[in-house]
Amino acid sequence: MVAAHSASANGQTGRPEISGQAEGHASQSHPSHLAAVRILGVRVDALTYDDLLAHIGEFIAAGTPHQIATVNPEFVMEARRNSKFAAVLAGADLCIPDGVGLLWAARRLGRSLPQRVTGSDGVPLIARAAAAQGWRLYLLGAAPGVAERTAEILVERFPGLRVVGTYAGSPADADAPDIIRRVRQAQPDILFVAYGAPRQDLWIARYHDALGVPVMMGVGGSFDFIAGVQRRAPRWAQRLNLEWLYRLITQPWRWRRQLDLPRFAWAVWRGTRSGTGD
Ligand code: UDP
């Protein structure tokens, strides 16, 4: 049935048991009071934007490396096919509910997620909090020049924000030593990685300890949206839960990936009808 749980209720860390955690890091710091819903085997944390900012503050105060993943239905379906990715999500300190499909799935499971918390909206909110708190940001990934433009825009919007590094880089292992050196030298509190999923999340997990940044978060196409390289769906389309349709029209090459959306809905529906839920 529904494997949803509140960690405070059972004293556990609230993460699903997944074997073969080759790429996942055994994190000690998953916020122990955080409720979570398990959707098709993937833990999704029940939190709001305010909770996210509070956890980021805690992670930075702790000073040890933490990973945040922005989970959506495509992540869940990829995790079912890719055990390394499943292990990375299981080991992440926060799995935020980035896709509206997750809120629907949670409801079907008789649970609830309080709010959709996206990476794209999260990045500027985190940048605003960073300007206020003095947190140092590093923007890694996207096409050459995009991270730089994103930094300029964020600094203009949030005076006082410290962006201590930007670099397009690449998720190739051969480039990792150079990237790790750059990031370590810059000593950020928060590292945003825009290599697209699942690559960015696998990359963060693989180099988690070597990078050693208190908050490391895969942010997909967020820099492209901020820098204006890609247009995000208009607010009305987001409100009508049609962001997926907008992306399909504007980025038709994503159709194969988007097949995961009906597959996800079907798997959740079938699971909740048969009572397995998982
Ligand atoms: N990207 C990159 N290096 C790569 C592959 C992708 O920097 O080797 C960047 C790409 O330029 C874009 C982001 O990763 O900025 C992926 O965006 P997408 O919208 O596909 O992300 P999603 O959120 O859908 O995973």
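Going by the structure above, here's the rest.
Residues numbered from 1 in each chain as written. Predicted model: local features only at pLDDT ≥ 70, side-chain atom pairs only at ≥ 80, totals over all residues. Heavy atoms only, no water.

Draft legend 1. Inspection of the pattern of salt bridges at higher detail. Applying the stated criterion to the full structure yields 13 salt bridges. E74 is the salt-bridge partner of R257, the closest N and O atoms lying 3.2 Å from each other. Pair noted here: R257 is in helix α14 (residues 255-258) and E74 is in helix α3 (residues 73-81), with a separation of 183 residues, a long-range link. Among the residues examined, R257 registers a relative accessible area of 36% and is labelled partly exposed. With a relative accessible area of 12%, E74 lands in the buried category. Ionic contacts of the salt-bridge type, sharing partners, join the residues R116, D121, R232, R235 and E243 into one network. (Salt bridge = Lys/Arg side-chain N within 4 Å of Asp/Glu carboxyl O. Helix = DSSP H or I, 4+ residues; strand = E, 2+ residues; numbered from the N terminus. Buried < 20%, exposed > 50% of the residue type's maximum accessible area, 1.4 Å probe, protein only.)

Draft legend 2. Geometry of the site of the ligand. Of all residues adjacent to the ligand, which total 15 residues, the nearest are A142, A197, D224, R247 and R254. Interatomic distance of 2.8 Å between a backbone N/O atom of A142 and an oxygen atom of the ligand. For the ligand, the accessible surface in isolation is 550 Å², of which the surrounding protein chains cover 73%. Classifying every residue of the shell around the ligand gives six nonpolar, four polar and five charged. (Near = heavy atom within 4 Å. Polar contact = N/O pair within 3.5 Å; in protein donor to acceptor, adjacent residues only side chain to side chain. Areas by Shrake-Rupley, 256 points an atom, 1.4 Å probe, with all protein chains shown as cover. Nonpolar A, V, L, I, M, F, W, Y, C, P; charged D, E, K, R; others polar.)

Draft legend 3. Region of the structure containing the nonpolar core. Membership of the largest hydrophobic core comes to 35 residues, with the highest contact counts inside it found for I56, I68, I190 and F192. If you list the elements that add at least two residues to this core, you get α2 (49-62), β5 (94-97), α6 (119-133), β6 (136-141), α7 (146-157), β8 (190-194), β9 (215-218) and α11 (222-227). Residues in contact with I68, not counting those within four places in the same chain, are L52, I56, F59, L94, I96, V215, M216, M217 and G218. The next biggest cluster of nonpolar side chains, apart from the first, holds 26 residues, and it includes A69, A79, A92 and L103. (Core = buried A, V, L, I, M, F, W, Y, C linked by side-chain atoms within 4.5 Å. Contact = heavy atoms within 4.5 Å.)

Draft legend 4. The arrangement of the sheet that holds β5 in detail. If you trace the six strands from one edge of the open sheet to the other, you get β5-β4-β9-β8-β6-β7, paired in parallel fashion. Pairing within the sheet leaves two strands with one partner each, and these edge strands are β5 and β7 (162-167). With strand direction ignored, the average angle separating the axes of adjacent strands in the sheet is 20°. (Pairing = 2+ DSSP bridges. Axes fitted to C-alpha atoms, helices over the stretch in contact; angles between N-to-C directions.)

Draft legend 5. The arrangement of the pairing of β8 in detail. Burial runs high along β8: five of the five residues are buried. Direction of pairing for β6 relative to β8: parallel, over a ladder of five bridges. Residue pairing in the sheet places L139 in a bridge with F192 of β8.

Just geometry here; none of it tells us what the structure is for.
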